[in-house]
Amino acid sequence: MKKRLYQSTAASFREHSSIFLFIIVLFFMGVIFGAIVVNSMSFTQKEDLFYYLSQFFGQISEEKVAENKDLFLQSFFHNSKFIGLIWILGISIIGLPVILILLFLKGMVVGFTVGFLVSQMKWKGFTLAIASILPQNLIIIPVFIIMAALSVIFSIRMIKRQFMKTYSQPIIPLFKGYIFALIAAVIFISAASGIEAYLSPVLMKSIVGSAGL
């Protein structure tokens, strides 16, 4: 059973490798665009944003941030809603372009955040970005990319089924696999939320304290 599932998954990746590659490239285009947006900001805008960021660092050093449980729930529901929206859009025929836009915007947010920290704080900002953004995103980003790719694939198949009479692939097995992908994504998201809630704040506090922020 496991061998058959592995072979089926590997065959699916090979069949749709171009879609996965496109999704990955699109996401990193968003990251690059987000970093470019930072450079286009005026000095005043950067100073205002950095002021609020400094306030946040002060709260971290004084341990005035939310409880770990609250951070976990906030992260879990935020990311789960994003994944759920992409999943629903995959079922909708008209949702295909929205999936691509959402993924691009997600990459843009990551690129902007890292770019701003590095722009304002140089190597300290880079270290802080690694501590606060990297750990959970090592799980979140691949999950988003894979889920977006699967949603695009499912949406394309729905379009083919709707408009191409010669397309006769049964939809029920595909839909079952699509549901399984959502469940697996939520499980991984919960693990990433745990890292964001319990590990990242500890790393951020140690860096903020050592950097004197």
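Residues numbered from 1 in each chain as written. Predicted model: local features only at pLDDT ≥ 70, side-chain atom pairs only at ≥ 80, totals over all residues. Heavy atoms only, no water.

### Structural notes on the nonpolar core
Burial of nonpolar side chains together is a common tendency in soluble globular proteins.
For step 1, the next point in the chain: With 36 residues, the main nonpolar core has Ile23, Ile83, Leu103, Phe144, Met147 and Ile189 as its most contacted residues.
For step 2, the next point in the chain: Sort the elements by how many residues they give to this core and helix H6 (residues 134-163) lands first, with 12 residues.
For step 3, the next point in the chain: When near neighbours in sequence (up to four residues on either side) are disregarded, Ile189 contacts Phe76, Asn79, Ser80, Ile83, Ile140, Val143 and Phe144.
For step 4, the next point in the chain: Counting residues in each nonpolar core, the second largest holds eight residues, with Ala131, Ile133, Met204 and Ile207 among its members. (Core = buried A, V, L, I, M, F, W, Y, C linked by side-chain atoms within 4.5 Å. Buried < 20%, exposed > 50% of the residue type's maximum accessible area, 1.4 Å probe, protein only. Helix = DSSP H or I, 4+ residues; strand = E, 2+ residues; numbered from the N terminus. Contact = heavy atoms within 4.5 Å.)

### What to know about the environment of Val202
For step 1, the next point in the chain: Checked against the element boundaries, Val202 lands in helix H8 (residues 200-211).
For step 2, the next point in the chain: With a relative accessible area of 53%, Val202 lands in the exposed category.
For step 3, the next point in the chain: As for Val202 and Ser132, which are separated by 70 residues in sequence, their C-alpha atoms are 9.3 Å apart.

### Concerning the packing of aromatic side chains
For step 1, the next point in the chain: Within the structure shown, the criterion is met by 10 aromatic pairs.
For step 2, the next point in the chain: On the basis of an interplanar angle of 85 degrees and a centroid distance of 5.4 Å, the ring pair of Phe27 and Phe28 is categorised as edge-to-face.
For step 3, the next point in the chain: For Phe27, a relative accessible area of 2% translates into the label buried.
For step 4, the next point in the chain: Between Phe33 and Phe104 the ring centres are 5.8 Å apart and the planes differ by 45 degrees, which places this aromatic pair in the tilted class. Of the two residues, Phe33 is situated in helix H2 (residues 17-40) and Phe104 in helix H5 (residues 96-132); the sequence distance between them amounts to 71 residues.
For step 5, the next point in the chain: Note on Phe33: relative accessible area 38%, which makes it partly exposed. (Phe/Tyr/Trp six-rings, centres within 6.5 Å; stacked < 30°, edge-to-face > 60°.)

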